[in-house]
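So the chains spell out like this:
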Amino acid sequence: MRDHFEVRAQDAGGRIGDLTVPRAGVTVETPTLMPVVNPNIITVDPARFREFGAEILITNSYIIKNDADLRERALDEGLHEMLDFDGAIMTDSGSFQLAEYGEIDTDTEEILDFQHAIGSDIGTPVDIPTPPDVPRERAEEELEETQRRLELAETVDTGEMLVNAPVQGSTYPDLRERAGRHAENTSLDVFPIGAVVPLMNDYRYGEMADVVAAAKRGLGRDAPVHLFGAGHPMMFALAAALGCDLFDSAAYALYARDGRYLTVHGTEHLDSLQYFPCGCPVCADHTPDEVQRMPDAAQEELLAEHNLHVSFTELRRVKQAIRQGSLLELVEARAHAHPRVLDGYRAFLDHADQYEASDPVSKDTFYYTSPESARRPEVVRHRERLERFSLPDTVLLAESGTDDDFDETWRVRPPLGPYPRELATSYPFTAEVPERMDDAGYESAAKGVSRLVALNPDTEFTLAHRDWPARALDYVPPRVELVNLETGHTTDSGAEDDA
Ligand SMILES: [Zn+2]
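Residues numbered from 1 in each chain as written. Predicted model: local features only at pLDDT ≥ 70, side-chain atom pairs only at ≥ 80, totals over all residues. Heavy atoms only, no water.

Draft legend 1. How the structure looks around the environment of Ala183. Looking at the element boundaries, Ala183 is found in helix α8 (residues 173-184). Sequence separation between Ala183 and Pro166 is 17 residues; the distance between their C-alpha atoms is 7.4 Å. Not counting the four nearest positions on each side in its chain, Ala183 is found in contact with Arg2, Leu150, Ala165, Val167, Phe191 and Leu219. (Helix = DSSP H or I, 4+ residues; strand = E, 2+ residues; numbered from the N terminus. Contact = heavy atoms within 4.5 Å.)

Here you go:
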């Protein structure tokens, strides 16, 4: 158990946590966003970060160390004074520069000592950020080197400063899982999933989700996880559902410099906007036309402010959704606004059995809003739990009504399939589903019927359905008698002719 991180609420893989940062004397509520501060280029004054909701920022100790003026000030005043920020400060080590330029002139011991000396609250060793798609041999070798450096970092005296244990492994899920397990077994404190920026820059959210899910399998549930370089609000809900607790945004400033305006559905260019689709103070007080006419520096600052507002607003929405148990509804809404986020959500659903274990058993009403809903962890869990029930000789599975000719009547409904009627008022069987159900929902229900039948070989089943499509009924075993409640038509399962 890591005593500096406590999970207070959970939904899917998402959680609301308290990250205690002892050196800063603060507790940060997660999920949260750490605005990135480049000490050479301040776009928004860190003293103002609290206005947006930032409790922690991240800056780069390597840049500070290599700039004579900044180094002297940081050593003299300390980072908090230098940046005028009283929250927690995380520092990066130069690993990013290592990935960009191939070499750097520091090492893990020296940079951790330096981060400690300048008053960082969470420091970082020099890990090797292995990019996506490299040959496996390289990913393995570099991971071994990163692991040696994490072990070295454990031996450095860093006082109360927390220390990051980056998780590498490129796009190889088994290496990410191994890296997660190794990092978990160190005495280090916070777990950044590293080198995913190239995936996110190319909107490869499906592969990003696979990488995160793999790292999470290795890390324990009480490990605070930082998705390194994740700064676009369109993917915060997805990343939170995957179990990420910390994000960092250079995007707010970098995008602003290019005249780009972040939204939860994607990125707009200021020049293409006639209206601001946002209620933040910047957007409420200005029109796009006014901002377009401003000098570059003023325009950049306002866009950066909007970008921070929209990011923290989305994080509050994510946290409220976790509290209500509606995080996956939010993820679905985001996924259906952008095909790449949909890829990420579908990849998350590929891991539904992994996330099922951490999903709360009871929460807000399940809303079925797309075929993807049929693959949610709740649906997977219910189907798995069918083995807990013992059934009598004859059972009617009916979408409505009961029949005393049977020993027992169960309810059956897309997408959840069959369930005892006494559960009808409990989660997730209170699900709100569309009148015009899609094939995925019917097929999911039929697979549930199939599993229940397989688990109870001595029970006779009848399925009374409301005109399910043939494609779904194909999943129902032939020994089940079928009654179509819409037509009154009774048959044995159509599959019997093929058997
Ligand atoms: Zn705005």
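Draft legend 2. View of the side chain of Glu399. With respect to the secondary-structure elements, Glu399 resides in the loop between β14 (394-398) and β15 (408-413). Polar side-chain contacts of Glu399 include one of 2.6 Å to the backbone nitrogen of Arg466. Apart from the residues lying within four places of it in its own chain, the contact partners of Glu399 are Arg411, Val412, Pro414, Ala464, His465, Arg466, Trp468 and Leu485. (Polar contact = N/O pair within 3.5 Å; in protein donor to acceptor, adjacent residues only side chain to side chain.)

Draft legend 3. Focus on the packing of helix α15 (residues 296-324) against helix α16 (residues 327-335). Contact geometry of α15 with α16 gives a least axis separation of 7 Å together with a crossing angle of 140°. Relative to α16, α15 is oriented oblique. From α15, Glu314, Arg317, Val318, Ala321 and Ile322 reach across to α16, where they touch Leu327, Leu330 and Arg334. The class makeup of the residues in the contact of α15 with α16 is five nonpolar, no polar and three charged. (Axes fitted to C-alpha atoms, helices over the stretch in contact; angles between N-to-C directions. Parallel < 35°, antiparallel > 145°, perpendicular 65-115°, else oblique. Nonpolar A, V, L, I, M, F, W, Y, C, P; charged D, E, K, R; others polar.)

Draft legend 4. Seen up close, the pairing of strand β13 (residues 266-269). Here strand β12 (residues 260-263) pairs with β13 via four bridges, running antiparallel. Note that in β13 the partner of Arg260 across the bridge is His269. From the end of β12 to the start of β13, which pair antiparallel, there are two residues. (Pairing = 2+ DSSP bridges.)

Draft legend 5. Structural view of the coordination of the zinc ion. Coordination of the zinc ion by the protein involves Cys278 (SG), Cys280 (SG), Cys283 (SG) and His306 (ND1), with metal-donor separations of 2.1 to 2.3 Å. What the four donor atoms of the zinc ion show is an angle range of 100 to 117° at the metal, which sorts the shape as tetrahedral. Positions of the donor residues of the zinc ion along the chain correspond to the pattern C-x1-C-x2-C-x22-H. Note on Cys278: relative accessible area 22%, which makes it partly exposed. (Donors = N, O, S within 2.8 Å, 3.2 Å for Na, K, Ca; no water. Tetrahedral: all angles 85-135°; square planar, octahedral: opposite > 155°, others 65-115°. Buried < 20%, exposed > 50% of the residue type's maximum accessible area, 1.4 Å probe, protein only.)

Draft legend 6. Structural detail: the packing of α8 against helix α10 (residues 205-218). At their nearest, the axes of α8 and α10 sit 6 Å apart, and the two run at 35° to each other. The interaxial crossing formed by α8 with α10 has right-handed handedness. For the pair α8 and α10, the contacting residues are Pro173, Arg176, Glu177, Gly180, Arg181 and Glu184 in the first and Val211, Ala214, Ala215, Arg217 and Gly218 in the second. In the contact of α8 with α10, the residues fall into four nonpolar, two polar and five charged. (Left-handed = near helix turned anticlockwise from the far one by under 90°.)

Draft legend 7. Molecular detail of helix α7 (residues 136-155). Taking 1.5 Å as the rise per residue, α7 with 20 residues should run 28 Å; its terminal C-alpha atoms sit 29 Å apart, in good agreement. Within the span of α7, buried status applies to Ala139, Glu142, Leu143, Thr146, Gln147, Leu150 and Ala153. Buried residues along α7 cover an arc of 150° about the axis, so they all sit on one side. Away from the buried face of α7 by more than 90 degrees, exposed residues Glu137 and Thr155 are located. Packed against the buried residues of α7 are α6 (108-117), β8 (162-163) and α8. (Expected span 1.5 Å × (residues − 1). Arc of directions from axis to C-beta.)

Draft legend 8. Representation of the pairing of strand β5 (residues 56-60). The buried fraction of β5 is high, at five of five residues. Residues of β5 alternate between two faces, with Ile56, Ile58 and Asn60 on one and Leu57 and Thr59 on the opposite face, all of them buried. With two bridges joining them, strand β4 (residues 32-37) and β5 adopt parallel strand pairing. Opposite Val37, over in β5, you have Thr59 as the bridge partner. Pairing of β5 with strand β6 (residues 88-92) involves five bridges; the strand directions are parallel. Among the inter-strand pairings, Thr59 is bridged to a residue of β6, identified as Thr91.

Draft legend 9. Quick look at the environment of Gly159. By secondary structure assignment, the location of Gly159 is in the loop between α7 and β8. Each C-alpha atom, one on Gly159 and one on Leu328, is 40 Å from the other, the two residues being 169 residues apart in sequence.

Draft legend 10. Layout of the pattern of salt bridges. Inspection of the entire model under this criterion finds 38 salt bridges. A salt bridge links Asp11 to Lys363; its shortest N-O distance comes to 2.4 Å. Taken together, the residues Asp11 in strand β1 (residues 5-11) and Lys363 in the loop between α18 (352-356) and α19 (377-385) connect sequence positions 352 residues apart. What makes Asp11 buried here is its relative accessible area of 0%. Take Lys363: its relative accessible area is 15%, and that puts it in the buried class. (Salt bridge = Lys/Arg side-chain N within 4 Å of Asp/Glu carboxyl O.)

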